[in-house]
Amino acid sequence: MADVLFEIGIMFAAIAGVGALADRLGQSVIPFYIISGMLLGQFVLGRLSLPMLGTVYVSESEFIAVGAELGIVFLLFFLGLEFNLGRLLARRRQIGTAGTIDLANFGVGLVLGWFVFGALIPAVLLAGIVYISSSAVITKSLLDLGWIANDEAEPLLGTLVYEDLFIAIYLAVTSALVLGGDDVGAAVADVGIAIGFILVLLAAVQFGTPLFDRLVATDNPEFIALRSIAAVVLVAGTALALGVSEAVAAFFVGMAFAPTDYTHDIETLLEPVRDTFAAVFFFWIGLVTDPLLFGGVAALIALAVLVTTPTKLVTGFFAGRAFDLDTKRSTRVALGMTTRGEFSLIIATVAVTGAEAGTFDPALAQTINAFAVGYVLVMAILGTTLMQYSGPFESVAVSWVDRSADDDPVVGD
Amino acid sequence: MAGCALLDMTIRESDLPGVGKKFEIDLDDGEMVVVIHNTGKREVFRRPDPSADSEKVFEFSDDLARTIGSIIEGAYFQPVEPDTQETTLPGGILLEWYEIHPGSPLIGETIESADIGNRTGLAVVAIQRDDKVVDSPSANTTLREGDTVIGVGTPENCAAFEEILTG
């Protein structure tokens, strides 16, 4: 007990320390949390023999594993809380166009995954990992750079909303496929159960809002916090026990709370809770990733970076165009969308969970996880840096695109 | 995006999922952009023309923004109404008025029983009740819901009175 508490203390101290460092460097905290977990875990610190202390490292204790799980649950819960179908529908033409163009990245990922793994499920996982951009990192960069007040914020955030909806359905289906094993008949049945589960949750969202509203209708902030945590963790836990995605369940619970009068209170109260457990999640990802495995997936990471950076740039640019932005601002949308982060890692944990449940090849799960971690480390830093130093790219794009537009009046605006 | 025209101003409102809301206000020389975060933080940006980048002018916490907002609104000082200019008397003495809202502990009390003089130092010079004015109210004038109490005192006296007014 004392050992575990000490390890947790080390973990939080490390997270707090590298978080401050990342902030000073103007970088996203996510890669730093991951690397701190990796360095303090069994695969780096655990391989060293320290003078006097011998072999000590932060172990993957049950607390950290469950904390990471809660991180996923709260990240998706907030996504649901922020998700507003009315808002999406009000701008459906623009968000629909931008989001559908963005889906090309999923297609490219699928081809790439099939080319590398030669099997459907790993290809679908890889496609998801390279498709989804990072809401957390992009939103933070928008705030840091002051772009939030500019027109480029809308296509960026709008496309992210589209991706969030896609990923909720995607997670439900892939979890069912991965946890269902190899049998095609069983897989079909599992996907059926997953879709049925989504329908039940949608019904709960549709008709359950008065119930959720009454649940948190109190002036006592402590009770609002406890009751909303109870609702989301209980539903997510029930989902996982039934073999369906806890993340998706959390997303829908968030959606059910969204129309209540208490959304703002819940957000204010639970934001620190989400940030704490999300940090544990990133630390845990680092903890369970053996950096030696990077050697084996380095070529794949390089390939994915080389293929999916340009594809995101192109789709992002056209997403900006779908919102009638000029070349400069569309370029910013393109640069911002290249950032991948938390959701790519959540998709990788589907494989890890499958391996633990014995329905997915453990070696393959390790490969996919190492790939996702390496890929996110590169893409989170690359995306943040591209946004920070967007100036030269904007100039190049403006002179390039606008000149060719002058040559060809059909493309011009 | 929703647009609304208030007087002859154009204010465009749009959602920033995960962040909050954005309001764009046309000015004579450019645009002002106000971002209200879900956390309550306000950021005010300016841009010289619609295609320019927004430059942050200032940032306020929720409380500060509300206070500054009400100052700008003219809650404390409205230069167009000459009679309110006289609220600050020479020497920093304030002439202030307070409405007694439902639930105030002062309802039913007299000026004496509430011990306003000793507890706050505020001198009650008049009470406005409906359309009538009770001037130089005596110590046993009973305060009623809806009364407007007009008092003279230092800013500390006024603050102390505000405290016993709301309980």
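Keep in mind it's a predicted model, so treat the numbers as computed, not measured. (Residues numbered from 1 in each chain as written. Chains lettered and ligands numbered in written order. Predicted model: local features only at pLDDT ≥ 70, side-chain atom pairs only at ≥ 80, totals over all residues.)

**Here's the deal with the overall build of chain B**
Thinking step 1. Looking only at helices and strands, chain B features three helices and 11 strands.
Thinking step 2. Each helix (α) and strand (β) of chain B, taken in turn from the N terminus, gives the series β-β-β-β-β-β-α-β-β-α-β-β-β-α.
Thinking step 3. The proportion of buried residues among the 167 residues of chain B is 18%.
Thinking step 4. Considering only contacts within chain B whose residues lie at least 6 apart along the sequence, 41% involve residues at least 24 apart. (Helix = DSSP H or I, 4+ residues; strand = E, 2+ residues; numbered from the N terminus. Buried ≥ 20, exposed ≤ 12 C-beta atoms within 10 Å, placed from the backbone. Contact = placed C-beta atoms within 7 Å.)

**Overview of the interface of chain A and chain B**
Thinking step 1. Contact residues are listed per partner, giving 16 residues for chain A and 16 residues for chain B.
Thinking step 2. Elements represented by at least two residues in the side of chain A that touches chain B include exactly helix H8 (135-145), helix H9 (153-180) and helix H13 (263-287) of chain A.
Thinking step 3. Looking at the side of chain A that touches chain B, its residues break down into five nonpolar, six polar and five charged. (Nonpolar A, V, L, I, M, F, W, Y, C, P; charged D, E, K, R; others polar.)

**Re the environment of Asp62 of chain B**
All names here are of chain B.
Thinking step 1. Following the sequence through the fold, Asp62 ends up in helix H1 (residues 62-73).
Thinking step 2. The class for Asp62 is partly exposed, based on 13 C-beta atoms found within 10 Å.
Thinking step 3. In sequence terms Asp62 and Ala126 are 64 residues apart; their C-alpha atoms lie 36 Å from each other.
Thinking step 4. Excluding its chain neighbours within four sequence positions, the residues that come into contact with Asp62 are Gly40 and Lys41.

**Quick notes on the pairing of strand E9 (residues 123-129) of chain B**
Residues and elements named next belong to chain B.
Thinking step 1. Where E9 and strand E11 (residues 148-153) come together, five bridges link them in antiparallel fashion. From the neighbouring strand, Gln128 faces E11, where its bridge partner is Thr148.
Thinking step 2. In this structure, E9 lies alongside strand E10 (residues 132-135), joined through four bridges in antiparallel fashion. Within E10, the position partnered with Ile127 by the bridge is Val134.
Thinking step 3. Here E9 folds back onto E10 in antiparallel fashion, the turn holding two residues, of which Asp130 has a positive phi close to 50°. (Pairing = 2+ DSSP bridges.)

**A word on the domain arrangement of chain B**
Thinking step 1. Taken domain by domain, chain B comprises domain 1 (2-73) and domain 2 (82-166).
Thinking step 2. Put simply, the middle of domain 1 of chain B and the middle of domain 2 of chain B, counted by C-alpha atoms, are 37 Å apart. (Domains from an automatic or database assignment.)

**Comments concerning the environment of Phe251 of chain A**
Residues and elements named next belong to chain A.
Thinking step 1. Relative to the elements of secondary structure, Phe251 occurs in helix H12 (residues 246-257).
Thinking step 2. A residue is classified by how many C-beta atoms lie within 10 Å of it, and Phe251, with 32 of them, is buried.
Thinking step 3. Sequence spacing of Phe251 and Ala236 is 15 residues, and the spatial spacing of their C-alpha atoms is 9.1 Å.
Thinking step 4. Not counting the four nearest positions on each side in its chain, Phe251 is found in contact with Leu76, Leu79, Gly80 and Ala168.

**Brief notes about the environment of Leu39 of chain A**
Residue and element names in this part refer to chain A.
Thinking step 1. With respect to the secondary-structure elements, Leu39 resides in helix H2 (residues 29-40).
Thinking step 2. The sequence separation of Leu39 and Ile368 amounts to 329 residues, and the corresponding C-alpha distance is 20 Å.
Thinking step 3. If near-sequence neighbours (up to four positions away) are discounted, Leu39 is found in contact with Val44 and Leu45.

**Digging into the confidence of the model for chain B**
Residues and elements named next belong to chain B.
Thinking step 1. On average, chain B scores 82 in pLDDT, and the residues at 70 or more come to 88%.
Thinking step 2. Within chain B, no element has a lower average pLDDT than strand E1 (residues 2-6), which sits at 44, and none a higher one than strand E5 (residues 42-47), at 92.
Thinking step 3. Low pLDDT, under 50, characterises residues 81-86; the stretch is placed with two contacts to residues that sit more than four places away or in other chains.
Thinking step 4. We note a pTM of 0.75 for the whole complex and an ipTM of 0.70 for its interfaces. (pLDDT = per-residue confidence, 0-100.)

**Considerations on the nonpolar core**
Thinking step 1. Ranked by internal contacts, the top residues of the largest apolar core, which has 138 residues, are Tyr33, Val73, Ala250, Val253 and Ala372 of chain A.
Thinking step 2. Counting residues per element, this core draws most heavily on H9 of chain A, which supplies 15 residues.
Thinking step 3. For Val73 of chain A, the contacting residues outside a window of four places in its chain are Val232, Val233, Ala236, Glu246, Ala247 and Ala250 of chain A.
Thinking step 4. Residues Leu106, Leu122, Val124 and Leu165 of chain B belong to the second largest nonpolar core, which totals 12 residues. (Core = buried A, V, L, I, M, F, W, Y, C linked by C-beta atoms within 7 Å.)

**Structural notes on the packing of H8 of chain A against helix H17 (residues 362-388) of chain A**
All names here are of chain A.
Thinking step 1. Two elements in contact, H8 and H17, have axes separated by 10 Å at closest approach and are oriented at 25°. Classified by the angle between their axes, H8 and H17 sit roughly parallel to one another. Where H8 crosses over H17, the handedness of that crossing is right-handed. Mapping the contact onto sequence places Val137, Ser141 and Leu145 in H8 and Ala380, Gly383, Thr384 and Met387 in H17.
Thinking step 2. By residue class, the composition of the contact of H8 with H17 is four nonpolar, three polar and no charged. (Axes fitted to C-alpha atoms, helices over the stretch in contact; angles between N-to-C directions. Parallel < 35°, antiparallel > 145°, perpendicular 65-115°, else oblique. Left-handed = near helix turned anticlockwise from the far one by under 90°.)

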